[in-house]
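Residues per chain, in single letters:
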Amino acid sequence: MSGAAAEIVFDHVTKRYPGRPEPAVRELTLTIPAGAICCLVGPSGAGKTTAMKMVNRLIDITDGDIRIGEQSVRALDLTELRRGIGYVIQQVGLFPHMTVADNVATVPRLLGWPKERIQARADELLDLVDLPAVDYRERFPAQLSGGERQRVGLARALASDPPAMLMDEPFGAVDPITRKRLQHELLRIQNEVRKTIIFVTHDIDEAILLADRIAILREGGVLAQYDTPEAILSHPADEFVERFIGADRGLKLLALKRLDELDLAPSDGGAPDGPRAPGSTTLRDALSLMITSGSRSLVVIDDAGRPTGVVTLDVLAELER
Amino acid sequence: MTPPPTLLAQQEPVIPDFGEGSACVTENRLFCPDWVRDNWATVIEPALVEHVKLTVIAVVVGFAIAFAAALVTYRYRRFETPFLTFSAIVYTIPSLALFQLLVPVTGLTVTTVEIALVGYTLLILYRNILEGLRGVPADVLEAARGMGLTRRQTLWRVELPLAVPAIMAGLRVAVVSTIALATVAALVIPEGLGYPIFVALREAFKTEIIVAGGLAVAFALVADGLLVLVQRALTPWARARRTA
């Protein structure tokens, strides 16, 4: 099980703990397309981590099945299954007695790869996560910052080139600035490696930024809604989802789109002192700009500063109706 | 009831011959280098070698037993109380009393001495090995499990290496205390650095007491130093700190 991303299917998955009347996860059914990032979000007690850990059977499935690319996880040997799935946790869990390179090489070594291949792979991955191998491979985890540790954790999870990755609130323990950087880093890496990723978070903004699909779970492990971030923001399935994504969902929706994705009205040049913004600006920032400059319209400019069109408050207001 | 054996009476005491010694020896001055020179090969050196042997055997056997017990306890918690109680009771028995208990069974032999010495190492080694294993952070164990390490691989590649500092700390205490305790072996057998000390005590012969006692202390210091070096070699990661 390695190489190309695989589709992950939850098929009526239920988790019941002995002695508890209510299941932790109830009849969860969803399909995560190959190469997509699926964020599991929800309040605590919604079973998001439980659902994720059933994929590599750190938690046993009570009922139903999970398939990774047609292959049922229940049919696979436990260690083989886990070695074929990247696993990243919040506290990273690097082995403190091993160098960074040895940490990254953990799974390839278990799989018995030849020495040269392991070393080359470790170097390649460290470079991928932006920790130059020459500087970092001989260091110990105690010599790294929190952000650097999580990068090593990511490299370690990618080592055997698994088709799927599980990430359990991986950026929950780092400071906000580092978190932002790691989130964008993950998107950049995902562009290169294209894995099917299940990403657990309680932070809806993180989910909106990262996810191709968001699964919102509610207390009792019931799936409240499963869709793209746009669809969830514009059409929340019910009151629970609406409350969970927040009253500013309109703004969050605007943050998903950029000015150059709109059909712009031709510009007449606008008022000379009116607001201007490049096409890469999000609609949310454009709106903010109009409000702070007291203008009902904004001129979109290209790289050379030439106007390419105009956007108005009315356009933004009509957008998601 | 038969009277307990009077241990020291079993051995012919070696009385230093004050008549033929140097003036220093006959006057029993504080320290006579000439006596040391004359008796090094016949008395002191053999005693030191025996002492090293007694210590090494006791620590190796004690470590093997404590290690096995700690591994069992690490998996099956219910064994903790029995193991801990047993080793704690052994530890609290005074060595003299323990010899008295053992001599009727195993006689005036090395076995008697080793059983006692091993017994005293168990508590400290068992506790430290177990504490070392239990000190492995939960997130490290979860990562190991999530990556598909088997239990055995986790034990040998992750848990035991991370327990090394605690294990070595226990080993250092065990070695030093065994070296000190092994002098009492002379109550049972004429071996170890304790024997020349006992002999010299009878005559209040200062030089022999100082030499044998001093060697026991030096041996303890050297052994402890060697263990520190071993630990440093085994745990380069423990000293690695963020430099930036």
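Residues numbered from 1 in each chain as written. Chains lettered and ligands numbered in written order. Predicted model: local features only at pLDDT ≥ 70, side-chain atom pairs only at ≥ 80, totals over all residues.

Enquirer: Explain the overall build of chain B to me, please; I cannot follow it from the model alone.
Expert: From N to C terminus, chain B includes nine helices and zero strands. Listing the helices and strands of chain B from first to last along the sequence gives α-α-α-α-α-α-α-α-α. Against the globule reference of 18 Å for 244 residues, chain B gives a C-alpha radius of gyration of 22 Å, more extended than a compact globule. Seen along its three principal axes, the alpha-carbon backbone of chain B occupies a region of about 80 × 60 × 20 Å. Looking at chain B as a whole, 36% of its 244 residues qualify as buried. If you take every contact in chain B between residues at least 6 apart in sequence, the share linking residues at least 24 apart comes to 73%. (Helix = DSSP H or I, 4+ residues; strand = E, 2+ residues; numbered from the N terminus. Rg over C-alpha atoms; globule rule 2.2 N^0.38 Å. Buried ≥ 20, exposed ≤ 12 C-beta atoms within 10 Å, placed from the backbone. Contact = placed C-beta atoms within 7 Å.)

Enquirer: I keep staring at the overall build of chain A and nothing clicks. Help me out?
Expert: Across its full length, chain A holds 14 helices and 13 strands. Counting only C-alpha atoms and orienting by the principal axes, one finds that chain A spans roughly 65 × 55 × 30 Å. Among the 321 residues that make up chain A, the fraction classed as buried is 42%. Sequence separation of 24 or more characterises 65% of the internal contacts of chain A that already satisfy a separation of 6 or more.

Enquirer: How do you make sense of the sheet that holds strand β1 (residues 8–15) of chain A when you look at a structure like this?
Expert: Strand pairing in a sheet takes place through backbone hydrogen bonds and is either antiparallel or parallel in direction. Residues and elements named next belong to chain A. Taken in spatial order, the four strands line up as β2-β1-β4-β5 in an open sheet, and their pairing is antiparallel. Of all the strands in the sheet, the pair left with one neighbour each is β2 (25–32) and β5 (71–72). Sheet analysis places β1 next to strand β4 (residues 63–68), joined by five bridges and oriented antiparallel. From the neighbouring strand, Val-9 faces β4, where its bridge partner is Arg-67. (Pairing = 2+ DSSP bridges.)

Enquirer: What is the right way to look at the pairing of strand β13 (residues 307–312) of chain A in this model?
Expert: A regular strand places its side chains on the two faces of the sheet in alternate fashion. Residue and element names in this part refer to chain A. Pairing geometry for strand β12 (residues 297–301) and β13, over five bridges, is antiparallel. When the bridges of β13 are listed, Ile-301 appears paired with Pro-307. Hairpin connection from β12 to β13: five residues lie between these consecutive antiparallel strands, with Gly-305 at a positive phi of about 90°.

Enquirer: Mind showing me how you'd approach unusual backbone geometry here?
Expert: Negative phi values dominate among residues other than glycine, just as trans dominates among peptide bonds. Even without a glycine there, the phi angle at Arg-57 of chain A is positive, about 55°. Positive phi outside glycine occurs at Ala-204 of chain B, with the angle close to 50°. Along the chain, the position of Ala-204 of chain B falls in the loop between α8 (194–203) and α9 (206–234). Under the C-beta neighbour-count criterion, Ala-204 of chain B is labelled exposed, with 9 such atoms within 10 Å.

Enquirer: Sorry, what's going on with the packing of helix α3 (residues 80–92) of chain B against helix α5 (residues 110–134) of chain B here?
Expert: Helices that pack against each other are described as a pair by the angle of their axes relative to one another and the distance between those axes. Residue and element names in this part refer to chain B. Two numbers describe how α3 lies on α5: the axes approach to 8 Å, and their chain directions differ by 135°. Viewed along their axes, α3 and α5 adopt a mutual orientation that is oblique. Helix-helix and strand crossings are classified by hand; for α3 and α5 the assignment is left-handed. Residues Phe-83, Ser-87, Ala-88, Val-90 and Tyr-91 of α3 touch α5, and the partners they reach there are Gly-119, Tyr-120, Leu-122, Leu-123 and Tyr-126. Residue composition of the contact of α3 with α5, by class: eight nonpolar, two polar and no charged. (Axes fitted to C-alpha atoms, helices over the stretch in contact; angles between N-to-C directions. Parallel < 35°, antiparallel > 145°, perpendicular 65-115°, else oblique. Left-handed = near helix turned anticlockwise from the far one by under 90°. Nonpolar A, V, L, I, M, F, W, Y, C, P; charged D, E, K, R; others polar.)

Enquirer: When you look at the interface of chain A and chain B in this model, what are you seeing that I'm missing?
Expert: Interface extent is often summarised as the accessible area lost during association of the parts. In this complex, chain A contributes 19 residues to the contact, which on the side of chain B involves 18 residues. If you list the elements that add at least two residues to the side of chain A that touches chain B, you get α2 (78–83), β6 (85–89) and α4 (106–110) of chain A. Looking at the side of chain A that touches chain B residue by residue, the class counts come to 10 nonpolar, seven polar and two charged.

Enquirer: Quick question: what am I supposed to make of helix α8 (residues 176–193) of chain A here?
Expert: Owing to its 3.6 residues per turn, the α-helix aligns residues three or four sequence positions apart on the same side. Counted at 1.5 Å a residue, the expected span for α8 of chain A with its 18 residues is 26 Å, and the 25 Å between its end C-alpha atoms agrees. One or two positions beyond α8 of chain A, positive phi appears at Arg-194 of chain A, with a value near 50°. (Expected span 1.5 Å × (residues − 1).)

Enquirer: Looking at this structure, how should I read the pairing of β1 of chain A?
Expert: Two strands pair when backbone bridges link them, and β1 of chain A and β2 of chain A are joined in this way by five bridges, in the antiparallel orientation. Bridged to Val-13 of chain A within β2 of chain A is Leu-28 of chain A.

Enquirer: I tried to follow the sheet that holds strand β10 (residues 222–227) of chain A on my own but got confused; where do I start?
Expert: All names here are of chain A. One open sheet holds the six strands; their spatial order is β6-β7-β8-β3-β9-β10, and the pairing between them is mixed. Here the strands that pair on one side only, and so sit at the sheet edges, are β6 and β10. Within the sheet, the average angular offset between the axes of one strand and its neighbour, ignoring direction, is 15°. Pairing of strand β3 (residues 37–41) with strand β8 (residues 196–200), which is carried by four bridges, proceeds in the parallel orientation. The residue of β8 that forms the bridge with Leu-40 is Val-200. On the sheet, helix α7 (residues 146–158) packs against β6 and β7 (164–168) and is oriented at approximately 165° with respect to β6.

Enquirer: Whenever I open this one, the nonpolar core confuses me. Can you help?
Expert: Side chains that are nonpolar tend, in soluble globular proteins, to be buried together. Ranked by size, the top nonpolar core spans 147 residues in total, and within it Cys-38, Cys-39, Leu-40, Val-104, Leu-126 and Ile-198 of chain A together with Tyr-126 of chain B carry the most contacts. With 13 residues, the single largest contributor to this core is α5 of chain B. Counting contributing residues per domain, this core is built from domain 1 (8–247) and domain 2 (257–319) of chain A, each supplying no fewer than three. Contacts of Ile-198 of chain A, omitting those with residues within four sequence positions, involve Ile-8, Ile-32, Cys-38, Leu-40, Met-52, Val-55 and Leu-166 of chain A. (Core = buried A, V, L, I, M, F, W, Y, C linked by C-beta atoms within 7 Å. Domains from an automatic or database assignment.)

Such coordinate-based values are descriptive only and should not be taken to indicate function.
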